[in-house]
Amino acid sequence: MDFEPQDQVMIDLASDLLKQTEEEKVSWSPTDDADQYIFSATSSSVLIKSTVDHDGDRHVDLSLVNRNGSEVASLGTQFNREEPGGPWTGGPNNKLLGRLYLAARNSALSVSDTLKDIYNAIGIEKTNGQS
Amino acid sequence: VLLAATSHHWYQISWVDWTTIVGVLLALIGLFLTWRQAKNAANSAEAAKQAVSNTEQRIRLNQLMVLIPQLRWIANELDNAISTEDGSLVRRQLESWRWQAGNIHGMLESVDPNQAKLLRDLQQSVGLARAASSTLMAKVGSVNSECAKVRASIVIASDELNIWLGKSSTQAQDGRDS
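Since the model is a prediction, treat every value here as computed from it, not as a measurement.

Q: Mind showing me how you'd approach the overall build of chain A here?
A: Looking only at helices and strands, chain A has 3 helices and 7 strands in total. Helices (α) and strands (β) of chain A occur, in sequence order from the N terminus, as α-β-β-β-β-β-β-β-α-α. Each principal axis of the C-alpha atoms in chain A carries an extent, and together these give about 55 × 40 × 25 Å. For chain A, the share of sequence-separated contacts (at least 6 apart) that also reach a separation of at least 24 residues comes to 35%. Approximately 8,100 Å² of chain A is accessible, and the part contributed by carbon and sulfur atoms is 49%. One finds the centroid of the 11 positive side-chain charges in chain A at a distance of 6 Å from the centroid of its 21 negative side-chain charges.

In structure tokens:
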């Protein structure tokens, strides 16, 4: 079985979700796991979860689930060693998944709106993070 | 003189010609009858196809009338399991919800594909049930706090399904009465 095409499908999905989330065309919702967010269509959902391992490295997992809630495809951050005993280096998709996780969190918790509101309250107008 | 002797009016035709004319008329009538028969057959086939489709829809609706109350029952059992802080029972009920909701989702999509919001809310409850099951496996906090969002989502989906079922069963009843 060849797993490469599924990875590429999920990388494409992650890129498209990031774009649509940043353009506020996709709205994420919180789940009962404080570090996991969900976006649902009519027959499928996407879940994105962040965990921190015992070395303090942040992992992000993106899962596509069907109408029964079964996972049909996934993509996760990877850490590789170029040589045994050498330093761990992040995989090529880590940055994309990290950005998507933050965008999903921002959408689900309305982080930008909340910040905007508090800055309005203290009398400072912020636009795109700049005062 | 020859011309005058051989020329006839249109009604001065021989019996052979009359036979030909009658033959053509009969052929036209035959064609018309064949066409009408074929049209009726096509209409009958269309009507039969529509009747089969309506029956299939009614069967699916009847199945939904049985399955949706079961979903409600699962939601109640989930409530009981949450209130007794029984994590493993909560996970079993969440699994049941996922599978039952998945079945209902498929039928609903077929019976009434225009219900995008209802389908999305049902899908959201399924996704949240999956997330809550994983959280419960990790046993981080209380069962109640780990199921708050999925519980709210299940209530929304369940209520919307009941409203849809009420409307659809009334419409189906009206369709049978009329």
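Q: Is there a simple way to explain the packing of aromatic side chains in this structure?
A: Residues and elements named next belong to chain A. Enumeration over the complete set of coordinates arrives at 3 aromatic pairs over all chains. With a centroid separation of 6.1 Å and an interplanar angle of 50°, the aromatic rings of W28 and F39 are classed as tilted. Remark: F39 occurs in strand β2 (residues 36-40) and W28 occurs in the loop between α1 (4-22) and β1 (29-30); sequence separation between them is 11 residues. With relative accessibility at 4%, the residue W28 sits in the buried group. Between the aromatic rings of Y37 and Y101, the centroid separation amounts to 5.7 Å while the plane-to-plane angle is 50°, which identifies the pairing as tilted. Placement of the pair is Y37 in strand β2 and Y101 in helix α2 (residues 94-109), with a sequence separation of 64 residues.

Q: Hey, could you run me through the interface of chain B and chain A in this one?
A: Each side of the interface is counted separately: chain B has 25 residues, and chain A has 21 residues. By the criterion of area lost to chain A, the three top residues of chain B are Q123, Q124 and R130 of chain B, representing 30% of everything that side buries. Between chain B and chain A we count 2 salt bridges in total. Of the charged contacts in the structure, one is a salt bridge between R130 of chain B and E71 of chain A, with a shortest N-O distance of 3.6 Å.

Q: What exactly am I supposed to notice about the sheet that holds β1 of chain A here?
A: Consider a sheet: its strands pair through backbone hydrogen bonds, and that pairing is either parallel or antiparallel. Spatially, β1-β2-β3-β4-β5 (chain A) is the arrangement adopted by the 5 strands of the open sheet, whose pairing is antiparallel. Both outer strands of the open sheet, β1 and β5 (71-76) of chain A, are each paired with one neighbouring strand and no more. In this sheet, β5 of chain A lies alongside strand β4 (residues 58-65) of chain A in antiparallel orientation, the contact comprising 5 bridges. Counterpart to L64 of chain A in the pairing with β5 of chain A is A73 of chain A. Relative to β2 of chain A, helix α4 (residues 116-138) of chain B is tilted by about 155°, and along the sheet it contacts β1, β2, β3 (45-52), β4 and β5 of chain A.

Q: Help me out: how do you make sense of the packing of helix α2 (residues 15-83) of chain B against helix α3 (residues 87-111) of chain B in this one?
A: A pair of packed helices is captured by two measures, namely the crossing angle of their axes and the spacing between those axes. Residues and elements named next belong to chain B. As a packed pair, α2 and α3 sit with axes 9 Å apart at the nearest point and diverge in direction by 160°. If you check the angle between α2 and α3, you find them roughly antiparallel. The chirality of how α2 crosses α3 is left-handed. Looking at the contact of α2 with α3, its residues break down into 19 nonpolar, 7 polar and 2 charged.

Q: Would you mind going over the nonpolar core with me for this structure?
A: With 38 residues, the main nonpolar core has V90, L94, W97 and W164 of chain B as its most contacted residues. A total of 10 residues in this core trace back to one element, the largest contributor, which is α2 of chain B. Excluding residues that lie within four positions of it along the chain, W97 of chain B makes contacts with L71, I74, A75, G102, L122, S125, V126, A129, I154, A157 and S158 of chain B. Ranked by size, the runner-up nonpolar core spans 21 residues in total, among them A73, L96, L97 and L100 of chain A.

Q: Even after reading the chapter, I still don't get the pattern of salt bridges, so can you show me in this structure?
A: Residue and element names in this part refer to chain A. Evaluation of the coordinates by the stated rule reveals 11 salt bridges over all chains. The partner of E23 in a salt bridge is K19, with the nearest N and O atoms 3.7 Å apart. In this structure, the salt-bridge partner of E22 is R99, at a minimum N-O distance of 3.2 Å. One end of the pair, E22, is in helix α1; the other, R99, is in helix α2, and 77 residues separate them in sequence. R99 gets classed as partly exposed once you look at its relative accessible area, which sits at 44%. Three or more residues joined by partner-sharing salt bridges are found here, namely K19, E23 and K25.

Q: Please explain α4 of chain B as it appears in this structure.
A: Residues spaced three or four apart along an α-helix face the same direction, because each turn holds 3.6 residues. Residue and element names in this part refer to chain B. With 23 residues, α4 ought to run about 33 Å at 1.5 Å a step, and its terminal C-alpha atoms sit 33 Å apart, in line with that. Burial analysis of α4 places 17 of its 23 residues in the buried class, the great majority of the element. K139 sits one or two positions beyond α4 and adopts a positive phi of about 50°.

Q: How should the confidence of the model for chain A be read in this particular structure?
A: Caution is warranted with low-pLDDT regions, since their predicted coordinates should not be read in detail. Looking at chain A, the pLDDT average stands at 88 and 92% of residues meet or exceed 70. Averaged pLDDT values over the elements of chain A bottom out at 73 in strand β7 (residues 88-90) of chain A and peak at 97 in β2 of chain A.

Q: Help me understand unusual backbone geometry in this model?
A: As a rule of thumb, non-glycine residues mostly have phi less than zero, and peptide bonds are mostly trans rather than cis. The phi dihedral of E24 of chain A is positive, around 60°, even though this residue is not glycine. Position of E24 of chain A relative to the elements: it lies in the loop between α1 and β1. One non-glycine residue, E85 of chain B, adopts positive backbone phi at about 55°. By the secondary structure assignment, E85 of chain B is in the loop between α2 and α3. Its relative accessible area of 41% is what places E85 of chain B among the partly exposed residues.

Reading the values: the criteria
Residues numbered from 1 in each chain as written. Chains lettered and ligands numbered in written order. Predicted model: local features only at pLDDT ≥ 70, side-chain atom pairs only at ≥ 80, totals over all residues. Heavy atoms only, no water. Helix = DSSP H or I, 4+ residues; strand = E, 2+ residues; numbered from the N terminus. Contact = heavy atoms within 4.5 Å. Areas by Shrake-Rupley, 256 points an atom, 1.4 Å probe, with all protein chains shown as cover. Lys, Arg positive; Asp, Glu negative; His and termini not counted. Charge placed at Lys NZ, Arg CZ, Asp CG, Glu CD. Phe/Tyr/Trp six-rings, centres within 6.5 Å; stacked < 30°, edge-to-face > 60°. Buried < 20%, exposed > 50% of the residue type's maximum accessible area, 1.4 Å probe, protein only. Buried area = accessible area lost by both parts, 1.4 Å probe. Salt bridge = Lys/Arg side-chain N within 4 Å of Asp/Glu carboxyl O. Pairing = 2+ DSSP bridges. Axes fitted to C-alpha atoms, helices over the stretch in contact; angles between N-to-C directions. Parallel < 35°, antiparallel > 145°, perpendicular 65-115°, else oblique. Left-handed = near helix turned anticlockwise from the far one by under 90°. Nonpolar A, V, L, I, M, F, W, Y, C, P; charged D, E, K, R; others polar. Core = buried A, V, L, I, M, F, W, Y, C linked by side-chain atoms within 4.5 Å. Expected span 1.5 Å × (residues − 1). pLDDT = per-residue confidence, 0-100.

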